[in-house]
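Examination of the molecular architecture
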Amino acid sequence: MKKDSAKDIKIAFFDVDGTLVDMEKKVITPAMIETLKHLKENGIILCMATGRGPYLVPSFPGIDFDVFLSYNASYCYTKDEVIFSNPIPKEDVKAIVENASEIHRSVFLAGVEGGGANGCDKDLADYFAIAKSKVNVLDNFDFEKLMDKKVYQMMVGCYKEEYADILRDVDGARITAWWTRAADITPANGNKGVGVRKILDYYHLDKENAIAFGDGTNDIEMLEAVGTGVAMGNATDDVKAVADAICGHVAEDGIYHYCKEQGLI
């Protein structure tokens with residue numbers, strides 16, 4: 001991004017794990033807090049774009065995000081209203097649960113207020129531990145009740161070679177993964193890029209008014225949907241390939257240094 005383009009930026013989208021927060025240290029740095037504060041002071045709308053659900057969205061001291069793309073943008077909202085709701089078709093939820101069971105994998109179903117699983121294995125437990133959370137295992141009755149509600153995301157401990165089995169005979173859902181031992185399952189017609197476009201429409205902004213930062217495969221569509229897509233230094237190669245720019249590693253306050261260099265703060 002050219003420095004003279006900084007004045008055109010009106011909104012910034014941030015992935016969380018591996019972008020705002022180092023996945024090893026699991027805390028946000030003082031420099032990142034300072035960055036968010038200065039962006040806000042400069043009139044830039046702050047958007048958190050995460051695979052986490054609303055009930056797991058982190059809060060940072062002294063920072064008020066304006067808008068949230070949760071569940072990889074299947075559920076987008078501000079503090080006052082829902083902007084976009086896109087649940088997984090119920091028939092696909094059922095099929096995925098059955099498919100996963102056949103390969104001895106448990107599934108976590110996630111709604112707006114929470115969710116639950118029909119079991120737990122080490123991969124799924126470790127996946128939740130990244131967000132400092134634990135898998136809520138339900139009995140069969142409560143799990144069946146949850147399947148009848150709106151499910152915005154499903155989480156499964158699995159490896160890439162298991163994806164095809166999990167999605168067998170499923171048309172309305174897709175896998176978005178940013179970790180090798182687990183996957184997020186989201187609506188096939190949704191991704192962070194769709195959420196970005198919904199948010200830009202909501203604020204009456206153009207693509208050129210937006211910047212986004214991400215590190216995982218589930219961030220690719222988001223980086224492509226904005227005028228300036230920035231990959232973290234720790235991002236995967238496929239993310240770096242589509243980015244307009246690459247900043248430093250999350251552990252080295254890459255976003256802070258990029259924003260200073262580009263005149264955003």
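Keep in mind that what you see is a predicted model, and the values were worked out from it rather than measured.

Quick notes on the rules
- Residues numbered from 1 in each chain as written.
- Predicted model: local features only at pLDDT ≥ 70, side-chain atom pairs only at ≥ 80, totals over all residues.
- Heavy atoms only, no water.
- Salt bridge = Lys/Arg side-chain N within 4 Å of Asp/Glu carboxyl O.
- Helix = DSSP H or I, 4+ residues; strand = E, 2+ residues; numbered from the N terminus.
- Buried < 20%, exposed > 50% of the residue type's maximum accessible area, 1.4 Å probe, protein only.
- Pairing = 2+ DSSP bridges.
- Axes fitted to C-alpha atoms, helices over the stretch in contact; angles between N-to-C directions.
- Polar contact = N/O pair within 3.5 Å; in protein donor to acceptor, adjacent residues only side chain to side chain.
- Contact = heavy atoms within 4.5 Å.

So, about the pattern of salt bridges. All told, the structure shown has 13 salt bridges when counted by the stated rule. Lysine 192 is paired through a salt bridge with aspartate 15; the nearest N and O atoms lie 3.1 Å apart. Taken together, the positions of lysine 192 in helix α6 (residues 192-202) and aspartate 15 in the loop between β1 (11-14) and α1 (30-41) put the pair 177 residues apart, joining distant regions of the chain. Exposure class is identical for lysine 192 and aspartate 15. Each is buried. Two residues, aspartate 123 and arginine 105, come together in a salt bridge whose shortest N-O distance is 3.0 Å. Of the two residues, aspartate 123 sits in helix α3 (residues 122-130) while arginine 105 sits in the loop between α2 (90-102) and β6 (107-110), which places them 18 residues apart along the sequence. Through salt bridges with shared partners, a single ionic network connects Arg105, Asp121, Lys122, Asp123, Asp126, Glu162 and Arg181.

This part takes up the sheet that holds strand β8 (residues 153-157). Strands sit in the order β7-β6-β8-β10-β9 across an open sheet of 5 strands; the sheet is antiparallel. A single partner strand is all that each edge strand has here, and the edge strands are β7 (115-117) and β9 (173-179). Between one strand axis and the next, the sheet turns by 20° as a mean value, whatever way the strands run. Pairing between β6 and β7: 3 bridges, direction antiparallel. What sits directly across from alanine 110, in β7, is glycine 115.

Looking now at the side chain of serine 106. Along the chain, serine 106 falls in the loop between α2 and β6. On the basis of relative accessible area, serine 106 is assigned to the buried category, the value being 12%. A polar contact of 3.2 Å, which involves the side chain of serine 106, links it to the backbone nitrogen of cysteine 120. Discounting chain neighbours no more than four positions away, the residues touching serine 106 are Asn118, Gly119, Cys120, Asp121, Leu124, Met155, Val156 and Gly157.

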